[in-house]
Amino acid sequence: MTTPISFTPPAGARAYQLRTERGEFAVVDAPVATGVEPRGVALMLPGFTGSKEDFHFLHEPLAARGYRTIAVDGRGQNESDGPADDEAPYAQEELARDVLAQAAALDTPLHLVGHSLGGQIARAAVLLDHSPFVSFTLVASGPAQISPSQQQRVKLLHEALTVMTMPEVWQAILAMGPPEEVGGPARGFGELALLRRRWLNHKPAQLLATGRQLTVEPDRVAELAAVPLPFHVLSGARDDTWPVTLLDDMAVRLNAHRTVVPGAEHSPNMDQPLPTAHALADFWDKHPQDR
């Protein structure tokens, strides 16, 4: 038999299905490094077309700083199951309740991190119930809908998914140019064969529903600012999805700690993982787990 193509967890980390009251979710769980005093636990949510593997480069440096990190595939993302054709289970509130179920299953106070789409899902979870969380970091995740240029990309993807199979859409994505230029599902952690496997694992209904959410998301910053949590807005120095100036303004509105990672764009967790990890740990160190 041919061995299935799959991502290898970082050294010391474990990949498994986290059982919750709302089903099982694929996670990569990296413990604190041996000999290091534990300082806290973080739950990390990936972005649109992404997966838990987008955080692979953060686990080791955060483990060295005393943080256990759990990266999760959301419902219908990569190795987490979900319906292929029914979009209802991917409504934002449903995905937010999944996050709260994941937090309950982990049964420990958590630093919450959401990248891009994951940040907006995490925000919805915090607005439902902030009590499981010690802090909330938005990574390259803006206040409302994505930029017009990115809305157009999502619209094109939506149109393709309605008339083509997932393998056909993948070929169309690659035909647009090299992965580093195309971005999206063709760019990420791992070889192109792994990225293709991840794309094929995604459920079309999840992509359609969450893509639509990104184009219509309202500004909920004022609601979030009323939540009694410390906030952190982290981004690269350049971002086509939400302009950096917009993220600067959101940080002011949230009275949030602000980090701009030099040399990074929309995915600082992959573009510049070491300074990104240190920025996360520096923020978490100021807000220790105390319960």
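No experiment lies behind these values; they were computed from the predicted model shown. (Residues numbered from 1 in each chain as written. Predicted model: local features only at pLDDT ≥ 70, side-chain atom pairs only at ≥ 80, totals over all residues. Heavy atoms only, no water.)

1. Section: the overall build of the protein chain
- Looking only at helices and strands, the protein chain has 12 helices and eight strands in total.
- The globule rule puts the C-alpha radius of gyration for 291 residues at 19 Å, and the 18 Å found for the protein chain is close to it.
- Principal-axis analysis of the C-alpha atoms gives the protein chain an extent of 50 × 45 × 40 Å.
- For the protein chain, buried positions account for 55% of its 291 residues.
- Taking contacts inside the protein chain between residues at least 6 apart in sequence as the whole, the part at least 24 apart equals 75%.
- Roughly 12400 Å² of accessible area belongs to the protein chain as shown, and the carbon and sulfur atoms make up 54% of that amount.
- Averaging the coordinates of the 24 positive side-chain charges in the protein chain and doing the same for the 35 negative ones gives two points 1 Å apart. (Helix = DSSP H or I, 4+ residues; strand = E, 2+ residues; numbered from the N terminus. Rg over C-alpha atoms; globule rule 2.2 N^0.38 Å. Buried < 20%, exposed > 50% of the residue type's maximum accessible area, 1.4 Å probe, protein only. Contact = heavy atoms within 4.5 Å. Areas by Shrake-Rupley, 256 points an atom, 1.4 Å probe, with all protein chains shown as cover. Lys, Arg positive; Asp, Glu negative; His and termini not counted. Charge placed at Lys NZ, Arg CZ, Asp CG, Glu CD.)

2. Quick notes on the pairing of strand 2 (residues 23–30)
- With six of eight residues buried, strand 2 lies mostly within the body of the structure.
- One ladder, built from seven bridges, connects strand 1 (residues 14–20) with strand 2; its direction is antiparallel. If you follow Arg-19 over to strand 2, its bridge partner there is Glu-24.
- A loop of two residues connects strand 1 with strand 2, the two strands running antiparallel in sequence.
- Relative to strand 4 (residues 67–72), strand 2 runs antiparallel, the two being bridged by four bridges. Counterpart to Val-28 in the pairing with strand 4 is Ala-71. (Pairing = 2+ DSSP bridges.)

3. Quick notes on the nonpolar core
- One finds Leu-43, Leu-112, Phe-133, Phe-136, Trp-199 and Leu-254 to be the most contacted residues of the largest nonpolar core, which totals 57 residues.
- Those residues within four positions of Trp-199 in sequence are excluded, and the remaining contacts are Thr-49, Leu-157, Leu-161, Met-166, Val-169, Trp-170, Ile-173, Pro-185 and Leu-207. (Core = buried A, V, L, I, M, F, W, Y, C linked by side-chain atoms within 4.5 Å.)

4. Topic: unusual backbone geometry
- Positive phi, close to 45°, is recorded for Asn-78, a residue that is not glycine.
- Mapped onto the elements, Asn-78 comes out in the loop between strand 4 and helix 2 (92–106).
- In this structure Asn-78 comes out as buried when scored by relative accessible area, which is 4%.
- Of note in this structure, Asn-255 is not a glycine but carries a positive phi near 55°.
- Within the secondary structure, Asn-255 sits in the loop between helix 10 (244–254) and strand 8 (257–261).
- The exposure class of Asn-255 is exposed, given its relative accessible area of 71%.

5. Focus: empty space enclosed by the protein
- Counted by the stated rule, this structure contains one cavity of 30 Å³ or more.
- The space that makes up the largest cavity amounts to roughly 130 Å³.
- Lining the largest cavity are 15 residues, and of these Gly-74, Arg-75, Gln-77, Val-99 and Ile-121 sit closest to its centre.
- At the level of elements, helix 2 and helix 3 (117–128) are the ones that each hand at least two residues to the lining of the largest cavity.
- The element contributing the most residues to the lining of the largest cavity is helix 2, with four residues.
- Residues belonging to the lining of the largest cavity are distributed by class as follows: eight nonpolar, five polar and two charged. (1 Å grid on protein atoms, 1.4 Å probe; cavity = no way out; pocket = protein on both sides within 12 Å on 5 of 7 lines; lining within 4 Å. Points joined across faces, edges and corners; volume = space filled by probe spheres on them. Nonpolar A, V, L, I, M, F, W, Y, C, P; charged D, E, K, R; others polar.)

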